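In case you want the letters, here they are:
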Amino acid sequence: MEPEYLIKALRDTDSYIEMIYLNGGCYRFYKFLKSIFPKAEPYINPRKDHVVTKIGDNFYDIRGKADGMFLPLLEQDIKMCEEWSFARNNWLYRECPLCNEPIIA
């Protein structure tokens, strides 16, 4: 299976998937891909705020192929990334289907 097909299938399951894996869940997305592609390797951007997954010669995140400069994750980076969490730092809400305003319960 090609990584791009799997990523697209996952992304298409729910509109919140991309938000989750781009806002605190990118390292967990690497771990998900690693479970399917055992040779996958984690890389990080120079600002050290986003992890991508290297599979073969390409880098991927939840959007598909990722472009840019990425560095191998070092041991101290892994410890930092394991602390990242969408659920701890964000909350999901629904939008009104008529006006797109957030509905707060």
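Residues numbered from 1 in each chain as written. Predicted model: local features only at pLDDT ≥ 70, side-chain atom pairs only at ≥ 80, totals over all residues. Heavy atoms only, no water.

Things to note about the sheet that holds strand β4 (residues 64–65)
No. 1: The sheet built from five strands is open, its strands ordered β4-β3-β2-β1-β5 with antiparallel pairing. Since the sheet does not close on itself, it has two edges, and those belong to β4 and β5 (71–72), each with one partner.
No. 2: Bridging between strand β3 (residues 58–61) and β4 involves two bridges; their strand directions are antiparallel. Along β4, the bridge assignment pairs Asp61 with Gly64.
No. 3: Here helix α3 (residues 26–36) sits on the sheet and contacts β1 (41–44), β2 (51–55) and β3; the angle it forms with β2, its principal contact strand, is near 20°. (Pairing = 2+ DSSP bridges. Helix = DSSP H or I, 4+ residues; strand = E, 2+ residues; numbered from the N terminus. Contact = heavy atoms within 4.5 Å. Axes fitted to C-alpha atoms, helices over the stretch in contact; angles between N-to-C directions.)

Looking at the side chain of Asp77
No. 1: Structurally, Asp77 is set in helix α4 (residues 75–82).
No. 2: Looking at Asp77, the relative accessible area reads 5%, which means it is buried.
No. 3: Here the side chain of Asp77 touches Lys48 through a polar contact of 2.9 Å, side chain to side chain.
No. 4: Among residues more than four places away in sequence, those in contact with Asp77 are Ile44, Lys48 and Pro72. (Buried < 20%, exposed > 50% of the residue type's maximum accessible area, 1.4 Å probe, protein only. Polar contact = N/O pair within 3.5 Å; in protein donor to acceptor, adjacent residues only side chain to side chain.)

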